[in-house]
Amino acid sequence: MMDGLSSRKSPLMPGRGRTARLPPAELLQSSLERCIEKAMTALLHRQRQDGHWVFELEADATISAEYVLLQHFLGESDTSIETKIAAYLRGLQGTHGGWPLFHGGDFNLSASVKAYFALKIIGDSPDAAHMRRAREAILAHGGAGETNVFTRILLALFGVISWRSVPTIPVEIVFLRRWAPFHLSRISYWSRTVLVPLLVLQALKPRACNPRGVHIDELFAHGIPRARRWVRAAHQSRLRFALFAALDAVLRLIEPLIPGTLRRNAIARAVDFVSERLNGEDGLGAIFPAMANAVMMFHALGYPRDHPDLATARKAIDKLLVLSHNRAYCQPCVSPVWDTVLACLSLLETDTDRARNAVRDGLVWLSKRQVLDTTGDWAEQRPHVRPGGWAFQYANPHYPDLDDTAAVVMAMDRFARGRNGRAEPDFGSCIERGREWVLGLQSVNGGWGAFDADNTSEYLNHIPFADHGALLDPPTADVSARCAGMIAQLGRAEDAPALARALEFLRRSQEGDGSFYGRWGMNYLYGTWSALCAFHAAGVNPAAAEVDKAVAWLNSCQNDDGGWGETGDSYSLDYRSPRRSASTASQTAWALLGLMAAGDVRSAAVARGVDYLIRRQGRDGFWTEPQFTATGFPRVFYLRYHGYPKFFPLWALARYHRLIQLRGPEPRFGI
């Protein structure tokens, strides 16, 4: 045990504050056990034949709208798919007339402009009631000229506005050295893969085919399609933004003077970057925005449609479509590795042979997807670290991530501890390489980002292009907690210094109210659950201030129905205290798992949360959850994992059932 850390409190001890009696034995043996059995059976039925799980991953209206606009940029059209996407987009329109960034959210200007444009290009009449309401809402919020940078780039590609309304980033930046204030290694993986093909598009300034000749002048004030070049986002400081805006003006003057040979070489360098990372039919970066930009780049360069790079990149996008009989939408990416490892972890909690057999198959599937031979972009900062991580998607070898890797290692380690004989795999080599890679990517401040080490050039979020505020991948509490939990669970003595630095990073990251920020899950509920699991695995005393404050915060934001909920509003820059939101099954599960990690198994809050989940289970064994509970970019882009209400509630209920029956020390798992 690390110096200064005392043994944890027994999970059978009363929790803080008011203590709830155990539910009646008949409830434990009937309602709780039936609920767990039903959820487990339903999840097992969703396992694919090869052992993995994958569920839909849904974003707001923008991705599906951009898919339609991409089709028309290329001069293509599939009426049957577009009709279904139109039905989907209409269904997402809010009562405010526009489109939100998450279920039930406020009007968002950029999402609304894209959705309106897509519906109009599909064929919806501007005079239709839903289009009229959308147009009125857009104009009331300043019109399409006030949209974010990525939307203005899209409008420039369609010739709606001038390229002068878009910040300038010359393609020649691909030649900058690592010591330069701006370098591709200084920005996040998603920014890198989105930006590089976009640099080519900005250099070539192609015009969309737009075969139907659709325009949206009516979305601009006075019907005049123009936009301001520089719009400072709320997170950007006035001084830094002004300096970068001045630099943008200088670059705009210099760009016409760039020699043609230099420009052609820069474009070739950018194309080489994309081609090397094209990733087959899984796509550049395996995320829609980068994939779409790659397709448009190849098209703008004059590649024939049957060119292998263009054809493959195009197929990758179509694989993201989710089609049903009456609607369709485009996913931002797919999540099989993340879904599979979380399903495995939830099933391991049930401690049944049936679940264990399924977990074995899932982990074998995962073992085949460990990235062992590709040295990805992360090596720019850590050139001497061997590959060993897992990516989020089916394939994305240049961009494995720390969150998935830590979770997979913990699942494999937990499975190996319960081996009944040599017939079962122990995943020893997978665990060791994963551990080595995670330790190798620890940042100097003790934490971990999602994809890179020390991706902390914060000033870059103040350039005009970065109005989304997510250009970087700095260490965050949730990912750092996952990695710290992995180190603690493995328990290697030589890793103690890395764990100590990680725990100190978490303590420094704790908010004043006791919560922890959740970068990839929404939000403080996700981060606080993650941190409490790491503290528990590391043997931090449950009476320690950081644990006590986190538990008090969780108790303070429990809803009257016994559940917990949080929306994307908690990412707002002026957020100061918990704002009650409708309870969700997955967020309730996070809160319960966090409280139980802190030893509050028998507390009133846990009893009420368990009761909430039991009462809300559906006939199919799962939970209904239309809310978005995950995050792409805070304040800009949110996600709805359709798998979250399928495995997180099972996870929490099964752990509760195990802990209330426990007679002895509890194994310390990092998640």
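All of the points below concern the structure found in this document. (Residues numbered from 1 in each chain as written. Predicted model: local features only at pLDDT ≥ 70, side-chain atom pairs only at ≥ 80, totals over all residues. Heavy atoms only, no water.)

Things to note about the sheet that holds strand β1 (residues 57–58)
For step 1, the next point in the chain: Strand order in the open sheet made by the three strands is β1-β5-β4, with antiparallel pairing throughout. Because the sheet does not close on itself, it has two edges, and the strands there are β1 and β4 (630–633).
For step 2, the next point in the chain: In this structure, β1 lies alongside strand β5 (residues 637–641), joined through two bridges in antiparallel fashion. Along β5, the bridge assignment pairs Leu57 with Tyr641. (Pairing = 2+ DSSP bridges. Helix = DSSP H or I, 4+ residues; strand = E, 2+ residues; numbered from the N terminus.)

Overview of the layout of surface pockets
For step 1, the next point in the chain: In this structure, the second largest pocket encloses a volume near 530 Å³.
For step 2, the next point in the chain: Taken together, the residues that form the lining of the second largest pocket break down as 10 nonpolar, 10 polar and three charged. (1 Å grid on protein atoms, 1.4 Å probe; cavity = no way out; pocket = protein on both sides within 12 Å on 5 of 7 lines; lining within 4 Å. Points joined across faces, edges and corners; volume = space filled by probe spheres on them. Nonpolar A, V, L, I, M, F, W, Y, C, P; charged D, E, K, R; others polar.)

Re a nonpolar patch on the surface
For step 1, the next point in the chain: Together, Leu247, Val250, Leu253 and Ile254 give the surface a local cluster of nonpolar side chains, amounting to about 380 Å² of exposed area.
For step 2, the next point in the chain: Examined against the element boundaries, Leu247 turns out to sit in helix α8 (residues 238–254). (Patch = residues over 30% accessible without salt bridge, like charges linked within 9 Å, V, L, I, M, F, W, Y side chains within 5 Å. Areas by Shrake-Rupley, 256 points an atom, 1.4 Å probe, with all protein chains shown as cover. Salt bridge = Lys/Arg side-chain N within 4 Å of Asp/Glu carboxyl O.)

Section: the pattern of salt bridges
For step 1, the next point in the chain: Under the definition given, this model contains 35 salt bridges.
For step 2, the next point in the chain: A salt bridge links Glu218 to Lys120, with the shortest nitrogen-to-oxygen separation between them at 2.8 Å. Of this pair, Glu218 sits in the loop between α7 (189–204) and α8 while Lys120 sits in helix α4 (residues 109–122), and the two are 98 residues apart along the sequence.
For step 3, the next point in the chain: According to the relative accessible area criterion, Glu218 is partly exposed, its value standing at 21%.
For step 4, the next point in the chain: Its relative accessible area of 14% is what places Lys120 among the buried residues.
For step 5, the next point in the chain: Measuring nitrogen to oxygen at the nearest pair gives 3.0 Å for the salt bridge that ties Arg252 to Asp248. Here Arg252 pairs with Asp248, and both are found in helix α8, just four residues apart, close to one helical turn.
For step 6, the next point in the chain: Overall, the relative accessible area of 13% leaves Arg252 in the buried class.
For step 7, the next point in the chain: What you see here is one network of salt bridges that share partners, running through Arg192, Glu276, Arg277, Asp377 and Asp452. (Buried < 20%, exposed > 50% of the residue type's maximum accessible area, 1.4 Å probe, protein only.)

Quick word on the pairing of β5
For step 1, the next point in the chain: β5 sits mainly inside the fold: four of its five residues count as buried.
For step 2, the next point in the chain: Bridge count between β4 and β5: three bridges; the pairing is antiparallel. Across the sheet, Ala630 pairs through a bridge with Leu639, a residue of β5.
For step 3, the next point in the chain: Remark: three residues form the turn of the hairpin made by β4 and β5, two consecutive strands paired antiparallel; Arg635 in that turn has positive phi of roughly 75°.

Here's the deal with helix α13 (residues 353–367)
For step 1, the next point in the chain: Given a rise of 1.5 Å per residue, 15 residues ought to cover 21 Å, and the 21 Å separating the end C-alpha atoms of α13 matches this to within 8%.
For step 2, the next point in the chain: Listed in full, the buried residues belonging to α13 are Ala355, Arg356, Ala358, Val359, Gly362, Leu363, Trp365 and Leu366. (Expected span 1.5 Å × (residues − 1).)

Focus: the environment of Gln370
For step 1, the next point in the chain: Within the secondary structure, Gln370 is located in the loop between α13 and α14 (402–417).
For step 2, the next point in the chain: Overall, the relative accessible area of 9% leaves Gln370 in the buried class.
For step 3, the next point in the chain: Not counting the four nearest positions on each side in its chain, Gln370 is found in contact with Gly388, Gly389, Trp390, Cys430, Arg433 and Gly434.
For step 4, the next point in the chain: Within polar-contact distance, the side chain of Gln370 engages the backbone oxygen of Cys430 at 3.1 Å. (Contact = heavy atoms within 4.5 Å. Polar contact = N/O pair within 3.5 Å; in protein donor to acceptor, adjacent residues only side chain to side chain.)

With respect to unusual backbone geometry
Note: most peptide bonds trans; most residues except glycine with negative phi.
For step 1, the next point in the chain: The phi dihedral of Asp351 is positive, around 55°, even though this residue is not glycine.
For step 2, the next point in the chain: Looking at the element boundaries, Asp351 is found in the loop between α12 (336–348) and α13.
For step 3, the next point in the chain: Take Asp351: its relative accessible area is 67%, and that puts it in the exposed class.
For step 4, the next point in the chain: Located in the positive-phi region is Asp454, a residue other than glycine, with phi close to 55°.
For step 5, the next point in the chain: Mapped onto the secondary structure, Asp454 falls in the loop between α15 (428–440) and α16 (477–490).

Focus: the environment of Ala203
For step 1, the next point in the chain: Inspection of the secondary structure assignment puts Ala203 in helix α7.
For step 2, the next point in the chain: Residue classification places Ala203 among the buried residues on the basis of a relative accessible area of 19%.
For step 3, the next point in the chain: Along the primary structure Ala203 and Gly518 are separated by 315 residues, whereas in three dimensions their C-alpha atoms are 37 Å apart.
For step 4, the next point in the chain: For Ala203, the residues in contact, after removing those within four places along its chain, are Val171, Arg263 and Ile267.

Focus on the packing of α7 against helix α9 (residues 260–276)
For step 1, the next point in the chain: Packing of α7 against α9 leaves a shortest axis separation of 10 Å and a crossing angle of 150°. For α7 against α9, the interelement crossing comes out left-handed. Residue-level contacts link Arg192, Val196, Pro197, Val200, Ala203 and Leu204 of α7 to Arg263, Ile267, Ala270, Phe273 and Val274 of α9.
For step 2, the next point in the chain: In terms of residue class, the contact of α7 with α9 is built from nine nonpolar, no polar and two charged. (Axes fitted to C-alpha atoms, helices over the stretch in contact; angles between N-to-C directions. Left-handed = near helix turned anticlockwise from the far one by under 90°.)

Observations concerning the side chain of Asn279
For step 1, the next point in the chain: Checked against the element boundaries, Asn279 lands in the loop between α9 and α10 (288–300).
For step 2, the next point in the chain: Given the relative accessible area of 16%, Asn279 is considered buried.
For step 3, the next point in the chain: Setting aside residues no more than four positions away along its own chain, Asn279 makes contact with Ala286, Ala395, Asn396 and Pro397.

Some points on the packing of helix α19 (residues 545–556) against helix α20 (residues 585–597)
For step 1, the next point in the chain: Closest axis-to-axis distance for the α19/α20 pair is 10 Å, and the angle between their directions is 145°. Like other packed secondary-structure pairs, α19 and α20 cross with a definite hand, here left-handed. The segment α19 lies against α20, with Val551, Leu554 and Asn555 engaging Ala591, Gly594 and Leu595.
For step 2, the next point in the chain: Of the residues in the contact of α19 with α20, the class split is four nonpolar, two polar and no charged.

Re the packing of aromatic side chains
For step 1, the next point in the chain: A complete count under the given rule lists 34 aromatic pairs for this structure.
For step 2, the next point in the chain: Between Trp190 and Phe633, the aromatic rings sit 5.9 Å apart at their centres with planes inclined by 35°, giving tilted as the arrangement. Of this pair, Trp190 sits in helix α7 while Phe633 sits in strand β4, placing them 443 residues apart in sequence. In this structure, Trp190 and Phe633 share a single accessibility class: buried.
For step 3, the next point in the chain: Note on Tyr644 and Phe648: the rings are 4.9 Å apart at their centroids and 85° apart in plane angle, and the pair reads as edge-to-face. Pair noted here: Tyr644 and Phe648 are both in helix α22 (residues 644–660), with a separation of four residues, about one helical turn.
For step 4, the next point in the chain: Sitting over the face of the ring of Phe669, Arg414 holds its NZ or CZ atom 3.9 Å from the ring centroid.
For step 5, the next point in the chain: Directly above the aromatic system of Phe622 lies the positively charged group of Lys646, at a separation of 5.3 Å from the ring centroid. (Phe/Tyr/Trp six-rings, centres within 6.5 Å; stacked < 30°, edge-to-face > 60°. Lys NZ or Arg CZ within 6 Å of the ring centre and 35° of its normal.)

Interpretation note: all reported values are geometric properties and have no functional meaning in isolation.
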